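# Working through the structure, step by step
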Amino acid sequence: MLYAGLRTISRNFTTKKKSAKMVVRHHVEGYENFLKFVEAFPKDNIVHVLYSGSKLPNGTSWCPDCVEAEPFIQKGLEAAPENSHFIYVEVGDRPFWKDLKCPFRTDSRTKLQLLPTLARWGTQKRLEGDQCLDVELVEMLVTDDDE
């Protein structure tokens, strides 16, 4: 694999946690793991994906904008419909992300330009960068049932 040498892609773990509103949470590291995960995911589920810089040993992302946006996104997710899914995706370390050939940037399904990006999977609906700092925008994205 072209990116197999990266630690964030070689680790494969997924966790599920449920919040009080029954949003099912998933955590995926790396591009290839993300693709495998979403390809196996049932197509009729509501899925929101947060793309963020990978976590440092201290547990926070290397991306300061992602760290700043996380509490706003978490608050906005409280409005998500029951049994919807939230996938937290670590895109890789800073050099991997900054590479213009990063697959998260070039893949037509993700088309990432900024971190953080919160998107409704399978649609063009997304919030990028500073938009993720607005709880009301996050709530609008996760409650919008207009496909």
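First things first, this report covers the structure right here in the doc. (Residues numbered from 1 in each chain as written. Predicted model: local features only at pLDDT ≥ 70, side-chain atom pairs only at ≥ 80, totals over all residues. Heavy atoms only, no water.)

### Observations regarding helix H6 (residues 135-143)
Looking only at H6, the buried set comprises Val-138, Leu-141 and Val-142. The arc that holds the buried residues of H6, viewed along the axis, is 90°, so those residues lie on one side. Facing away from the buried side of H6, by more than 90 degrees, are the exposed residues Glu-136 and Met-140. Taken together, the buried residues of H6 touch strand E3 (47-52), helix H3 (64-77), strand E5 (117-120) and strand E6 (126-128). At the N-terminal end of H6, a side-chain oxygen is found 2.9 Å from the backbone nitrogen of Glu-136, two or three residues along, and the residue is Asp-134. (Buried < 20%, exposed > 50% of the residue type's maximum accessible area, 1.4 Å probe, protein only. Helix = DSSP H or I, 4+ residues; strand = E, 2+ residues; numbered from the N terminus. Arc of directions from axis to C-beta. Contact = heavy atoms within 4.5 Å. Polar contact = N/O pair within 3.5 Å; in protein donor to acceptor, adjacent residues only side chain to side chain.)

### Points about the environment of Ala-80
With respect to the element layout, Ala-80 can be found in the loop between H3 and strand E4 (85-90). For the pair Ala-80 and Leu-141, spaced 61 residues apart in sequence, the C-alpha separation works out to 8.7 Å.

### Quick look at the pattern of salt bridges
For the coordinates displayed, the defined rule picks out six salt bridges. With a shortest N-O distance of 3.3 Å, Lys-75 and Glu-78 are connected by a salt bridge. Across the pair Arg-126 and Glu-128 runs a salt bridge, and its minimum N-O distance is 3.7 Å. Exposure remark for Arg-126: the relative accessible area of 23% places this residue in the partly exposed category. Put simply, Glu-39, Asp-107 and Arg-109 are held in one network by salt bridges that share partners. (Salt bridge = Lys/Arg side-chain N within 4 Å of Asp/Glu carboxyl O.)

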